[in-house]
Amino acid sequence: MKKPAGVSLIETLVIMSAASVILTLSSVTIHRVMQIHKKVEATHADEATAWRLSTRLRHDVHQASDALIEQQADTWRVTLLHKAAEPTIYRFQQETVSREQKLAEGKVARDVFPFAGNATWEIEELTGPPRLRIRTATSPGTLTRAAAPVKIDITARLLGARQAPEATP
Amino acid sequence: MAIPSPRKRNAVTVIETLISFTLLITIFGACMPVVVRHHQLLADERDYRLATDELSNQLDRLVGLPAMELDDAVANLPAPTMKGAKLVGETEELELGVRVTLTLRWPEHGVRRPAITLVGWSFPTVTPSDVEATP
């Protein structure tokens, strides 16, 4: 019996359906991998921003003699008063924290700390040694582009109020 | 002289199937620990930052306390927010002042997570009246 030289229509259809199933499955997997990659990148960026904010904020609070806390809707405004410099103003607004300080010659230093998702900020003044506590209150349903909502809990002492004793002659 | 064409096969042998399965299992086996480790590293990275902040927060509070309250405060440290972590502290009186050492330890469940230690100093407060009183 002579063997056919080509492939039948049924064979072609079977191969094409098998190929389409494999391609669909792999495209879904690739899409998922890309989504996870984005989440991981956002998580790393959040962590780097949190480190930067922690260092900067702690330094500023240590330099401050007093702090004024105001809340308007979702935004917290913290004004750190310094004895020998212009006040530093922090604004905590959901997914962004901004820092502003006037410098000499009318210049203004601005810094922004962006996070990948919304955060509910809680700011309070603590007694004992006078301290400022800044933290995020996150719930499981918080929207974020990262793998998990950002978590921050910083407590720093207002050290600018301390007066060094006058030097004895 | 006509060369006989090789016989075309319509199936695969058991050996071929076994080899392909073994290769697939090896690849999956190699990938899974990498994925799990990556998740652990992400969690570790966050825990390390939170632990450092926790130690800084506590140390900031402790070094601001009067010297007489320091020992009690170090002995009764609050529980850290990280799950399973333990915060311990010790004080040492030296010439310059009191050295406060805080250490945060995690339970090791097969994964090596080194303890984090932060050291601060509590200096005796000198008030202007003390300065005036000195001859």
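Residues numbered from 1 in each chain as written. Chains lettered and ligands numbered in written order. Predicted model: local features only at pLDDT ≥ 70, side-chain atom pairs only at ≥ 80, totals over all residues.

K.L.:
Help me understand the overall build of chain B in this model?
P.N.:
Looking only at helices and strands, one finds 3 helices and 3 strands in chain B. Along chain B, from the amino end to the carboxyl end, the secondary structure elements read α-α-β-β-β-α. Taking all 135 residues of chain B together, 13% fall into the buried category. Counted over contacts in chain B with a minimum sequence separation of 6, partners at least 24 positions apart contribute 49%. (Helix = DSSP H or I, 4+ residues; strand = E, 2+ residues; numbered from the N terminus. Buried ≥ 20, exposed ≤ 12 C-beta atoms within 10 Å, placed from the backbone. Contact = placed C-beta atoms within 7 Å.)

K.L.:
Can you walk me through the sheet that holds strand E1 (residues 66-72) of chain A in this structure?
P.N.:
Pairing between sheet strands relies on hydrogen bonds along the backbone, with the strands arranged either parallel or antiparallel. Residues and elements named next belong to chain A. Taken together, the 5 strands give an open sheet; going across it, the order is E1-E2-E3-E4-E5, and neighbouring strands pair in antiparallel fashion. What marks the edges here is a single partner per strand, and that holds for E1 and strand E5 (108-114). In this sheet, adjacent strand axes meet at a mean angle of 15 degrees when their direction is disregarded. With 6 bridges joining them, strand E3 (residues 88-93) and strand E4 (residues 96-102) adopt antiparallel strand pairing. Across the sheet, Tyr90 pairs through a bridge with Arg99, a residue of E4. Those strands touched by helix H1 (residues 9-63) are strand E2 (75-81), E3, E4 and E5, and its axis lies near 140 degrees from that of E5. (Pairing = 2+ DSSP bridges. Axes fitted to C-alpha atoms, helices over the stretch in contact; angles between N-to-C directions.)

K.L.:
What should I look at first to understand the sheet that holds strand E2 (residues 98-105) of chain B in this one?
P.N.:
All names here are of chain B. What the 3 strands build is an open sheet, ordered E1-E2-E3; its pairing is antiparallel. Unpaired on one side and paired on the other, strand E1 (86-93) and strand E3 (116-122) mark the two borders of the sheet. Mean inter-strand twist for the sheet, computed between neighbouring axes without regard to direction, equals 20 degrees. Sheet topology places E1 next to E2; 8 bridges connect them, and they run antiparallel.

K.L.:
What's the story with unusual backbone geometry in this structure? I'm lost.
P.N.:
Note: most residues except glycine have negative phi, and most peptide bonds are trans. Residue and element names in this part refer to chain A. Located in the positive-phi region is Ala73, a residue other than glycine, with phi close to 55 degrees. Judged by local crowding, Ala73 falls into the exposed class, with 6 C-beta atoms found within 10 Å. Backbone geometry at Gln94 places phi at a positive 45 degrees, although glycine is not the residue there. Within the secondary structure layout, Gln94 lies in the loop between E3 and E4.

K.L.:
Please clarify how the pairing of E1 of chain A should be interpreted in this entry.
P.N.:
Look at any regular strand and the pattern is simple: side chains alternate between the two faces of the sheet. Residue and element names in this part refer to chain A. Bridge count for E1 against E2 is 7 bridges, and the pairing is antiparallel. Note on E2: the bridge partner recorded for Ala67 is Leu80. Linkage of E1 to E2, two consecutive antiparallel strands, is achieved through a turn of 2 residues, within which Ala73 is found at a positive phi near 55 degrees.

K.L.:
How should the confidence of the model for chain B be read in this particular structure?
P.N.:
One rule of thumb: low pLDDT means the predicted coordinates there are not for detailed reading. Residues and elements named next belong to chain B. With 84% of its residues at a pLDDT of 70 or more, chain B has an overall mean of 83. Mean pLDDT per element in chain B: helix H3 (residues 128-133) is the minimum at 50, and E2 is the maximum at 92. Interface confidence for the predicted complex, given as ipTM, is 0.74, next to a pTM of 0.77. (pLDDT = per-residue confidence, 0-100.)

K.L.:
Can you help me understand the pairing of strand E7 (residues 131-137) of chain A in this one?
P.N.:
Residues and elements named next belong to chain A. As defined by bridge partners, strand E6 (residues 120-126) adjoins E7 across 7 bridges and the pair is classed as antiparallel. The partner of Glu125 across the bridge, within E7, is Leu132. Between E6 and E7, which pair antiparallel in sequence order, lie 4 residues; one of them, Gly128, sits at a positive phi of approximately 85 degrees. Here 5 bridges tie E7 to strand E8 (residues 153-157), and the two strands are oriented antiparallel to one another. Looking at E8, one finds that Arg131 is bridged to Arg157.

K.L.:
Mind showing me how you'd approach the confidence of the model for chain A here?
P.N.:
On average, residues of chain A carry a pLDDT of 87, and 90% of them reach 70 or more. Across residues 163-169 of chain A, confidence stays below pLDDT 50; counting only partners more than four residues off in sequence or on other chains, it has 8 contacts.

K.L.:
Can you help me understand helix H1 (residues 14-62) of chain B in this one?
P.N.:
An α-helix turns once every 3.6 residues. As a result, residues three or four positions apart point the same way. Under the 1.5 Å per step criterion, the end-to-end length of H1 of chain B is 71 Å for 49 residues, consistent within 8% with the ideal 72 Å. All of the buried residues along H1 of chain B are Asp47, Leu50, Ala51, Asp53, Glu54, Leu55, Asn57, Gln58, Leu59, Asp60 and Leu62 of chain B. (Expected span 1.5 Å × (residues − 1).)

K.L.:
Mind showing me how you'd approach the nonpolar core here?
P.N.:
Considering soluble globular proteins, one finds that nonpolar side chains tend to be buried as a cluster. Counting residues in hydrophobic clusters, the biggest one holds 23 residues, and the most contacted among them are Leu57, Val61, Ala67 and Leu132 of chain A. Counting only elements with at least two residues in this core, the list comes to H1, E2, E3, E7 and E8 of chain A. The biggest single contributor to this core is H1 of chain A, with 4 residues. For Leu132 of chain A, the contacting residues outside a window of four places in its chain are Val61, Ala67, Glu125, Ala156 and Leu158 of chain A. Of all hydrophobic cores here, the second largest spans 8 residues; its members include Leu50, Ala51, Leu62 and Val100 of chain B. (Core = buried A, V, L, I, M, F, W, Y, C linked by C-beta atoms within 7 Å.)

K.L.:
I would appreciate a short explanation of the environment of Tyr90 of chain A in the present structure.
P.N.:
All names here are of chain A. Structurally, the position occupied by Tyr90 is in strand E3. Residue Tyr90 is classed as buried on the basis of its C-beta count, with 26 C-beta atoms lying within 10 Å. Residues Tyr90 and Leu53 lie 37 residues apart in sequence; the distance between their C-alpha atoms is 11 Å. In this view, Tyr90 contacts Val78, Val97 and Arg99; residues no more than four positions away in its chain are not counted.

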